[in-house]
Amino acid sequence: MVVQQDLDCVVVTGGAGFIGSHLCERLCESGAKVWCLDNMLTGAADNVAHLASNLDFHLTYCDVTAGIDVPGPVDLVLHLASPASPVDYLRLPVQTLKAGSLGTLHALDLAARKGARFLLASTSEVYGDPLLHPQPEDYWGNVNPVGPRSVYDEAKRFAEALTATYRRGGSVDSVIVRIFNTYGPRMRSHDGRAVPTFIRQALAGEPLTVAGDGLQTRSLCYVDDTVNGILAAAASGHPGPLNIGNPEEMTVLDLARHVRRLTRSNSSIVFVESAVDDPKVRCPDTSLGRDVLDWRPQVPASEGLARTIAWFAGQAAEDARTRAVPSSEAAPGPEDDASVGVDS
Ligand code: NAD
Ligand code: UDP
């Protein structure tokens, strides 16, 4: 599906992260001027380095919890800035609460000042450990408000409430999308999420660490499909919430076996302790997205995982090559100069 919309200027908060970088790429391809705002908390300038030669692409250091501004008119604000992996948000609990609350407040204020449409990247985590399966958008969820995951779940629920309030008050035309587990190239190999962890472990011949009995389920959506869904929601006049995910559900144990097969790895599978409040099932009801956006995911898990594995294998080979070159000859990386390619 091709999503076309005449957009002159788009702000992407969290644009140097995994999903954000794919969005920036697609927006640049469509000819839009893009402001990519990020504080590199869990993202990296490297993720958008290939866009640096585009004069309409602006990577700017910005902590959205402190305030947001860009010069000139803006048509659309895509608000993605927030840690997203459980390992990240459990190690960054206060930053995560602030990104969902203060960050969303500042992103909405920017949209209000510029008269721009606003999209909130919310999450399937607002359904918590769901008692209804699959999850439709009118399900209110089952979230532990004081458990460790609440730093993410409740921040996103607050962000949804704030977005809906600005919309009801007439100050911002907005849409909320609830993104389900998305995977693909540019995930960090150590971000702790199941897909990059299993791929990294399988490629290295290490045991795959399956949490609990591995019978909990997830529904994996390839990043190109998620980007299509986000852009379709942004282009629609719909307020959401809209589920963006792939209903192809599998157990985590099957995911580990799938990755092992696709990588032709001899790794064993070991069972490790599961996280507190780890949801037992997760699968989107995507009928609303189908009806109002004419959007449906296209990439089956077998194909998306194969593409993702190929990318991770390429990265591992590149890392090995870089390590083999004496350090005086190696090209400077972003860690050598944090300001590379970043306006501040
Ligand atoms: P990510 O960690 O790769 O990207 C998040 C980006 O936000 C990073 O570049 C990070 O540096 C930036 N960021 C964090 N706090 C910031 C701040 N205070 N100011 C500026 N930038 C900040 O994660 P992702 O998987 O790309 O997720 C992007 C968004 O999509 C998040 O809002 C997440 O909640 C949502 N989402 C993702 C998934 C998924 O499966 N990937 C699922 C549901 C929702
Ligand atoms: N998981 C796992 N091993 C890992 C990482 C994750 O078994 O090394 C499990 C995790 O406990 C959860 C599922 O895989 O049940 C998906 O976890 P992920 O962190 O990818 O995303 P979540 O859906 O929890 O946000």
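Before any of the text, the structure's been laid out above.
Given the structure is predicted, the values throughout are model-derived calculations rather than measurements.

1. Examining the overall build of the protein chain
Helix and strand counts for the protein chain come out as nine helices and 13 strands. Here the C-alpha atoms of the protein chain give a radius of gyration of 19 Å, agreeing with the 20 Å that 2.2 N^0.38 yields for 344 residues. On the principal axes, the C-alpha backbone points of the protein chain span a range of 55 × 55 × 40 Å. For the protein chain, with 344 residues in total, the buried portion stands at 48%. Sequence-distant contacts, at least 24 apart, represent 80% of the contacts inside the protein chain between residues at least 6 apart.

2. Details of the site of ligand 2
Lining the immediate environment of ligand 2, one finds 16 residues, of which Arg193, Ala194, Thr197, Thr209 and Ala211 sit closest. The set of elements that each furnish at least two residues to the shell around ligand 2 consists of α5 (194–204) and β8 (208–211). By residue number, the principal contributor to the shell around ligand 2 is β8, which donates three residues. A breakdown of the residues in the shell around ligand 2 according to their chemical character gives six nonpolar, seven polar and three charged.

3. Topic: the packing of α5 against helix α7 (residues 252–262)
Direction vectors running N to C along α5 and α7 enclose 40°, while the axes themselves pass 9 Å from each other. Considering the angle they form, α5 stands oblique to α7. Once α5 is placed against α7, the crossing between them reads as right-handed. Seen from α5, the contacting residues are Ala194, Phe198, Ile199 and Ala202; seen from α7, they are Val252, Leu255, Ala256, Val259 and Arg260. Of the residues contributing to the contact of α5 with α7, the split by class is eight nonpolar, no polar and one charged.

4. Overview of unusual backbone geometry
Omega for the peptide link from His133 to Pro134 comes to -10°, which places this bond in the cis form. Within the fold, Pro134 resides in the loop between β5 (117–123) and α4 (150–168). Across the junction of Gly240 and Pro241, the peptide omega takes the value -5°, indicating a cis bond. With respect to the helices, strands and loops of the structure, Pro241 is situated in the loop between α6 (223–235) and β11 (242–244). One non-glycine residue, Arg264, adopts positive backbone phi at about 50°. By the secondary structure assignment, Arg264 is in the loop between α7 and β13 (269–272). Given 8 C-beta atoms within 10 Å, Arg264 falls into the exposed group.

5. Some points on the sheet that holds strand β3 (residues 57–61)
Strand order in the open sheet formed by seven strands is β3-β2-β1-β4-β5-β6-β11, and the pairing between neighbours is parallel. Bordering the open sheet on either side are β3 and β11, each of which pairs with just one other strand. Between one strand axis and the next, the sheet turns through 20° on average, direction left out of account. When strand β1 (residues 9–13) meets strand β2 (residues 33–38), the two strands line up parallel, connected through five bridges. Counterpart to Val11 in the pairing with β2 is Trp35. Sitting on the sheet, helix α3 (residues 93–114) is in contact with β1, β4 (76–79) and β5, with an inclination near 170° to β4. The sheet strands contacting α6 are β4, β5, β6 (174–179) and β11, and the helix crosses β6 at an angle near 160°.

6. Observations concerning the site of ligand 1
The environment of ligand 1 is made up of 29 residues, and the closest members are Gly14, Gly17, Thr42, Gly43 and Ala84. When contributions to the shell around ligand 1 are tallied by element, the ones reaching two or more residues are α1 (18–29), α3 and β5. A per-element tally of the shell around ligand 1 places α1 first, with three residues.

7. Some thoughts on α6
With 13 residues, α6 extends 18 Å between its outermost C-alpha atoms, agreeing within 8% with the 18 Å of an ideal straight helix rising 1.5 Å per residue. Among the 13 residues that make up α6, 11 are buried, leaving the element largely enclosed by the rest of the structure.

8. Digging into the environment of Ser274
With respect to the secondary-structure elements, Ser274 resides in the loop between β13 and α8 (287–293). Judged by C-beta crowding, with 15 C-beta atoms within 10 Å, Ser274 ranks as partly exposed.

9. Quick look at helix α9 (residues 301–324)
For α9, which comprises 24 residues, the first-to-last C-alpha distance of 34 Å matches the rise-based estimate of 34 Å (1.5 Å per residue) to within 8%. Listing the buried residues of α9 in full gives Ala301, Gly304, Leu305, Thr308, Ile309 and Phe312. Structurally, α9 contributes buried residues whose contacts are with β7 (182–183), α5, β10 (221–222), β12 (249–251) and α7.

Definitions and cut-offs
Residues numbered from 1 in each chain as written. Chains lettered and ligands numbered in written order. Predicted model: local features only at pLDDT ≥ 70, side-chain atom pairs only at ≥ 80, totals over all residues. Helix = DSSP H or I, 4+ residues; strand = E, 2+ residues; numbered from the N terminus. Rg over C-alpha atoms; globule rule 2.2 N^0.38 Å. Buried ≥ 20, exposed ≤ 12 C-beta atoms within 10 Å, placed from the backbone. Contact = placed C-beta atoms within 7 Å. Near = placed C-beta within 6 Å. Nonpolar A, V, L, I, M, F, W, Y, C, P; charged D, E, K, R; others polar. Axes fitted to C-alpha atoms, helices over the stretch in contact; angles between N-to-C directions. Parallel < 35°, antiparallel > 145°, perpendicular 65-115°, else oblique. Left-handed = near helix turned anticlockwise from the far one by under 90°. Pairing = 2+ DSSP bridges. Expected span 1.5 Å × (residues − 1).

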